[in-house]
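# Examining the three-dimensional arrangement
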Amino acid sequence: MKEYTNSGNKDTRSGFGAGLLEAGRQNSEVVALTADLEGSLKMGDFKAEFPERFVQCGIAEANMVGTAAGMAIAGKIPFVGSFAEFVTGRVYDQIRQEVAYGRANVKICASHAGITLGEDGATHQTMEDIALMRALPGMVVINPCDYNQTVAATIAAASYDGPVYLRFGRPSVPNFTPAGADFEIGKAYIMNEGTDVTIFATGHLVWEALQACKLLEEKGISAEIVDIATLKPLDVEAVVSSVTKTGAVVCAEEHNQAGGLGELISGVLAAHCPVPVEFVNGQDRFGQSGTPAELMKAYGLDGEHIAEAALKAISRK
Amino acid sequence: MAKTTEELKKIASQVRRDIVRMVTGAKSGHPGGSMSSADFLTALYFDVMKHDPSSWRRDGKGSDVFILSAGHLTPVYYSLLSRSGYFPVEELATFRKYGSRLQGHPCVESGLPGIFQASGSLGQGLSAAAGFALAKKMDSDPQTVYVLMGDGECEEGQIWEAAMFAAHHKLDNLIGLVDWNGQQIDGKIDDVGGVGDLVAKWSSFGWTVLTCDGHDFEQILNAYAAAKAEAGKGRPVVILMKSDMGHGVDFMAGTHKWHGKAPSQEQCQEALSQLEETLGDY
């Protein structure tokens, strides 16, 4: 299989912070808003360089989203940042009315997504955000796989004219995609070509999928690994083309079953090429306190579980 | 642009005729609040606001901006937009009909000129207006942003998030209007939501508060002038426009019952007989 090297664990939220700074340098209309989470969202460098374009909104997420919409209509490119739960579930109606239906060029930036936020527990660990954002007409949904891809995706989001949901996380995770690569919204990235099973993964589970790929290779199984960095619009052609070749699928995500990557891919397969699908996700559960590593194992989201799911999918061919 | 109070009265009478005819034609819609806000919004569109319908653009650059937070007041909003030249008045006949640009609540998807933001889910327009005002300040654009809220709408928590934000960020290019008619869908505000002392509430949130009779054009124009005189003083301004729901038609006035109800054909005729046709019906 193709070799990937972890250049050192890094948090994807810092990738967002670096991407935001670069986007701000490239376009003077880029502004950043946060609801008392400047530090957590790594907006400090942007604020230091562009203090007049940084807007502290206080602990009032609903107003922050509406304010961003107003600024977008007036010609700004607002990046709105908070924890994933508080910038989706808490303000779903504001995003629906003001941003999506209002056709406002706002970037909803969600850190601390999923259970790997860790010790804070379920109140802060959204596993439903992708479902909510996917459901909105016209909303682009991006979930990059590592630090470098998050930097690139943030810059790409600034250039895209329309609402974007950008998801990233708190824990340090392997950084393995090339620095400085362009990010193409709507493109699925084939990380490894294979013939026996396709593993579609999103977010930092792409790295786990690559670990699964190694385990499978030891058993003589050739797995194709696809990074679904953009869940909406989905790269349908890449999905169908891969599955037509392999005939078995695993979908891996740090999100619940309802409305996540698994259901998304299954919908495409049902219409184009029905094959066995196995799901690696949070199922239908809330999170809990623990270290990210403990929770990844407990919720069955690591490479070993992905490899097991692949064997099961292949056995059902 | 400047109009006499007599001229404004005449326009407002036609606007009320439009409101009654639109909701009757659609067999649905919200006449009550449209009629209570018709006078001060007529003054806003025909005298106070700096805007040019022929060169309207959604980013509002170089122009005053109006956002309707109380999105259900589309009858008065669409009437005023068409009567000031944003689109042909004949289009008012399509209100709430399939395929119309005049959706039940304002939207931007349909491309109706004059509408800066979609609204209808209450409590959100002040935030958008604050964002607009903040962007204008960043761009050194000296124009004003206006936003209309209902008094019942002030029961929404987001209004107060936005009120706090606007004062904290010293948005003195933002003028809030509250249609202070004392009614909401389920009855009198004092009985339903208990929004309480709005003067004290807005004041305590750091706003300059003005009040006036929202059906007296002289008072209305004075209040707008006073609000504009506050621009640049570091505080947002709100004008509480004391009004009667359904004002202008005797059987619709002073009750919540016409908040979201269309008149029958007979009631429509009765209402129109009380409202002078001044600019020609659509």
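Here is what the cut-offs are and how they apply
Residues numbered from 1 in each chain as written. Chains lettered and ligands numbered in written order. Predicted model: local features only at pLDDT ≥ 70, side-chain atom pairs only at ≥ 80, totals over all residues. Heavy atoms only, no water. Phe/Tyr/Trp six-rings, centres within 6.5 Å; stacked < 30°, edge-to-face > 60°. Helix = DSSP H or I, 4+ residues; strand = E, 2+ residues; numbered from the N terminus. Buried < 20%, exposed > 50% of the residue type's maximum accessible area, 1.4 Å probe, protein only. Lys NZ or Arg CZ within 6 Å of the ring centre and 35° of its normal. Polar contact = N/O pair within 3.5 Å; in protein donor to acceptor, adjacent residues only side chain to side chain. Contact = heavy atoms within 4.5 Å.

## Comments concerning the packing of aromatic side chains
By the definition in use, this model includes 18 aromatic pairs over all chains. Taking 5.7 Å as the distance between ring centres and 80° as the angle between the ring planes, the aromatic pair formed by tyrosine 45 of chain B and phenylalanine 66 of chain B counts as edge-to-face. Of this pair, tyrosine 45 of chain B sits in helix α3 (residues 38–48) while phenylalanine 66 of chain B is found in strand β1 (residues 65–68), placing the two residues 21 residues apart along the sequence. When sorted by exposure, tyrosine 45 of chain B lands in the same class as phenylalanine 66 of chain B, which is buried. Ring centres of phenylalanine 116 of chain B and phenylalanine 132 of chain B lie 5.6 Å apart, and the angle between their planes is 85°; on these two criteria the pair is classed as edge-to-face. One end of the pair, phenylalanine 116 of chain B, is in the loop between α4 (74–83) and α5 (125–138); the other, phenylalanine 132 of chain B, is in helix α5, and 16 residues separate them in sequence. Comparing phenylalanine 116 of chain B with phenylalanine 132 of chain B shows no difference in burial state: the two are buried. In textbook terms, an aromatic cluster arises when at least three aromatic residues are bridged by ring pairs, as seen for Tyr45, Phe66, Tyr77, Tyr78 and Phe95 of chain B. Over the face of the ring belonging to tyrosine 147 of chain A we find lysine 10 of chain A, whose NZ or CZ atom lies 3.9 Å from the ring centre. Arginine 53 of chain A extends its terminal NZ or CZ atom over the ring of phenylalanine 50 of chain A, reaching a point 4.0 Å from the ring centre.

## Observations regarding the side chain of arginine 83 of chain B
Residues and elements named next belong to chain B. Tracing the sequence through the fold places arginine 83 in helix α4. Overall, arginine 83 belongs to the buried group, its relative accessible area being 14%. One polar contact links arginine 83 to aspartate 18, side chain to side chain, over a distance of 2.8 Å. One polar contact links the side chain of arginine 83 to the main-chain carbonyl oxygen of glycine 280, over a distance of 3.0 Å. Excluding its chain neighbours within four sequence positions, the residues that come into contact with arginine 83 are Gln14, Asp18, Phe46, Val89, Leu279, Gly280, Asp281 and Tyr282.

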